Amino acid sequence: MSDNAYETDVVIIGAGPVGLFAVFELGLLGLKCHLIDILDRAGGQCAELYPEKPIYDIPAVPMCTGQELTDRLLEQINAFEPVFHFQEMAEKLTKLEDGRWHLTTDQGTEITSTVVVIAAGGGSFVPKKPHLDGLEDFEGSSVHYAVRRIEDFRDKRVVIAGGGDSALDWALNLHPVAKRITIVHHRDGFRAAPASVEHMRSLVEKGEMDFEIAQLAGLEGSGGQLSGVKVKTKTDGENTIEADTLLPFFGLTMKLGPIAEFGLNLHENLITVDTEKFETSVPSIFAIGDINTYPGKLKLILSGFHEGALMSQAAFAYCRPGERLRFQYTTSSSDLQKKLGVR
Amino acid sequence: MKITVTDLDGNDHVIEGKAGWTLMESIRDAGLPIKAECGGACACATCHVYVDMDWIDATGERSEEEEDMIDLALEVEDSSRLACQIELSDALEGLKVKLARDAVL
């Protein structure tokens, strides 16, 4: 087995609150989990969209933020030693001859498991792409949604679009190596951290950086090589900024992605499941949380927790065939308390 | 109350709005394909709409939080709003809006 190949009981796609709590319910039954998530940390939407926003409908927790909920869940499942694979997207799922599943990610990680649980919420977070004609021709060569190596931008004329922290941070970080940086943003205000904005404005004042209040309007160039970025201003119409590279930073949006090709029955981009085991149309693949649908479905975190508990019972039957599942409470079972590491 | 929502193909849909609901909730309830990924928390900008010029004053101004979030929207116009931040009231009977490309599923 190579370094990035693993075997486990259950692979969970998605490390949001529902995926995390599934680790708990599966863990009580003695099942081990690996989790895959496209983000660089646990929490899913709670971490990416509303880490600071209050949540009031978690039973017995009158108020917590998205980040607090994530942190508490991580604490709660810590004893079960889940293995996380962050910044990876579940890409391909194949059935092995022995009945288990072989899942590969876009980063080449391979995991063999008895059960697959899809807890992917609204799908994978992917960069929001500007609506520009011919954009695909430049993606990967001249248009990038992330910076992997600062050196790649040495002596380049870079246009950075957006007004958040990603836009401002990269403008400032690439400034020393790039030939020229132009920030394109639709207004004179920024949502980015005030210190970054101040730094950027001082560079613009000194003539070391350009800032255009405008919107992206088009791309110029050929063969995947950008030569200019067309922008549209409110007052002066369109003009072109000479550029080798464009970095659009408009945040993330959610796409179902490769899961759509797993051969599961879908209804309006949601995975249909039964309400006894939350199993999909394919045996031993389950779907819990916002990504599933069934009559009466409510997209609530607490519903996802419930779905995880019932799913775990069925997952146990696949992972430990022939073994009888003993139903126990954490309050009274010394066996469960040992698993939780409290005894 | 009646609200007219124009889709990306330019087709008008007259939907039923409810006072006290947000515009996003009404559009979603009518079955139109609005993303509204964060569910109305002003945390994502995927319920981006353009308010008809005749209705700009009646729908009010963007809050600072909404202004910041609109930084993540594409093709922003003066009439851009996040539909989750417009609360419907009887004063908005007849409101007209158009879905933005980045708000549609």
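Residues numbered from 1 in each chain as written. Chains lettered and ligands numbered in written order. Predicted model: local features only at pLDDT ≥ 70, side-chain atom pairs only at ≥ 80, totals over all residues.

1. Details of the overall build of chain B
Point 1. Each helix and strand counted, chain B has three helices and five strands in total.
Point 2. The order of helices and strands in chain B, counted from the N terminus, is β-β-α-β-α-α-β-β.
Point 3. Radius of gyration (C-alpha) of chain B: 12 Å, near the 13 Å computed for a compact globule of 105 residues.
Point 4. The C-alpha extent of chain B, read off along each of the three principal axes, is 30 × 25 × 25 Å.
Point 5. Burial analysis of chain B (105 residues in total) assigns 41% to the buried set. (Helix = DSSP H or I, 4+ residues; strand = E, 2+ residues; numbered from the N terminus. Rg over C-alpha atoms; globule rule 2.2 N^0.38 Å. Buried ≥ 20, exposed ≤ 12 C-beta atoms within 10 Å, placed from the backbone.)

2. Some details on the confidence of the model for chain B
Point 1. Confidence in the prediction for chain B averages 96 pLDDT; 100% of positions are at 70 or higher.
Point 2. Scoring of the predicted complex yields 0.90 for pTM and 0.91 for ipTM. (pLDDT = per-residue confidence, 0-100.)

3. Brief notes about the domain arrangement of chain A
Point 1. The domains assigned to chain A are domain 1 (5–126 + 253–340) and domain 2 (129–250).
Point 2. Put simply, the middle of domain 1 of chain A and the middle of domain 2 of chain A, counted by C-alpha atoms, are 38 Å apart. (Domains from an automatic or database assignment.)

4. Topic: helix α3 (residues 66–77) of chain A
Residues and elements named next belong to chain A.
Point 1. Taking 1.5 Å per residue as the helical rise, α3 with its 12 residues ought to reach 16 Å, and the 17 Å between its terminal C-alpha atoms agrees with that figure.
Point 2. Those residues of α3 that fall on the buried side of the exposure criterion are Gly66, Leu69, Thr70, Leu73 and Ile77. Down the axis of α3, the buried set is contained in an arc of 100 degrees. They therefore lie on one face.
Point 3. Those residues of α3 that are buried lie in contact with α1 (17–28), α2 (45–48), β3 (54–55) and β4 (64–65). (Expected span 1.5 Å × (residues − 1). Arc of directions from axis to C-beta. Contact = placed C-beta atoms within 7 Å.)

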